[in-house]
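# Structural characterization, general
Okay, here's what each chain looks like letter by letter:
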Amino acid sequence: MITVGFQLVAIDPTSFRGLGRDGIGEIPLKDDGSLADALKMIGMDAKTGFTTMINGEPVPPDNRAEATLNDGDQVVIFPTA
């Protein structure tokens, strides 16, 4: 089991699980879990139009299922401009 940090920017966090009122939290995830798995854990569709980043690197929606997360990674999600 790994732990991944999450931050929602300019997105109302009340619709998602496991995050604080400020949109920040840590999500437990199975070893070798993907960004798509992590998004599912908080209740977000992996195909959503939001911009996602892992440790500052953008991950396009089509690559979220292949983007493997590691313990301590930081995921930031914000609306696409």
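I will try to describe carefully the structure that is included in this document. (Residues numbered from 1 in each chain as written. Predicted model: local features only at pLDDT ≥ 70, side-chain atom pairs only at ≥ 80, totals over all residues. Heavy atoms only, no water.)

## Brief notes about the nonpolar core
Generally speaking, nonpolar side chains in soluble globular proteins are found buried as a group. To keep things clear, this is the line we draw: Here the nonpolar core consists of buried residues drawn from Ala, Val, Leu, Ile, Met, Phe, Trp, Tyr and Cys, with membership extended through side-chain atoms lying within 4.5 Å. Exposure classes here rest on a 1.4 Å probe applied to the protein chains alone. A residue is buried below 20% of its type maximum, exposed above 50%, and partly exposed in between. Numbering goes from the N terminus for both helices and strands, where a helix is a DSSP run of H or I of at least four residues and a strand is a run of E of at least two. Any pair of residues with heavy atoms lying within 4.5 Å of one another is described as a contacting pair.
Counting 22 residues, the largest nonpolar core has Phe6, Ile42, Leu69, Val75 and Ile77 as its most contacted members. A per-element tally of this core places helix 1 (residues 35-42) first, with five residues. Dropping the residues within four chain positions of it, Ile77 is found in contact with Phe6, Gln7, Leu8, Val9, Ile11, Leu39, Ile42, Met44, Phe50, Thr51 and Thr52.

## With respect to helix 1
Note the threshold: Here, the arc refers to the directions that run from the helix axis to the C-beta atoms. A 3.5 Å cut-off defines polar contacts: any pair of N or O atoms within that distance qualifies, except that in protein one atom must be a possible hydrogen donor and the other a possible acceptor, and neighbouring residues in sequence count only when both atoms are side-chain atoms.
When we look at burial in helix 1, the residues that qualify are Leu35, Ala36, Ala38, Leu39 and Ile42. Summarising the axial view, the buried residues of helix 1 lie within an arc of 160°, below the 170-degree limit, and thus occupy one face. Looking at the buried residues of helix 1, the elements they touch are strand 1 (2-8), strand 2 (24-29), strand 3 (51-54), strand 4 (57-59) and strand 5 (74-78). Sitting at the amino-terminal end of helix 1 is Ser34, which places a side-chain oxygen 3.3 Å from the backbone nitrogen of Ala36.

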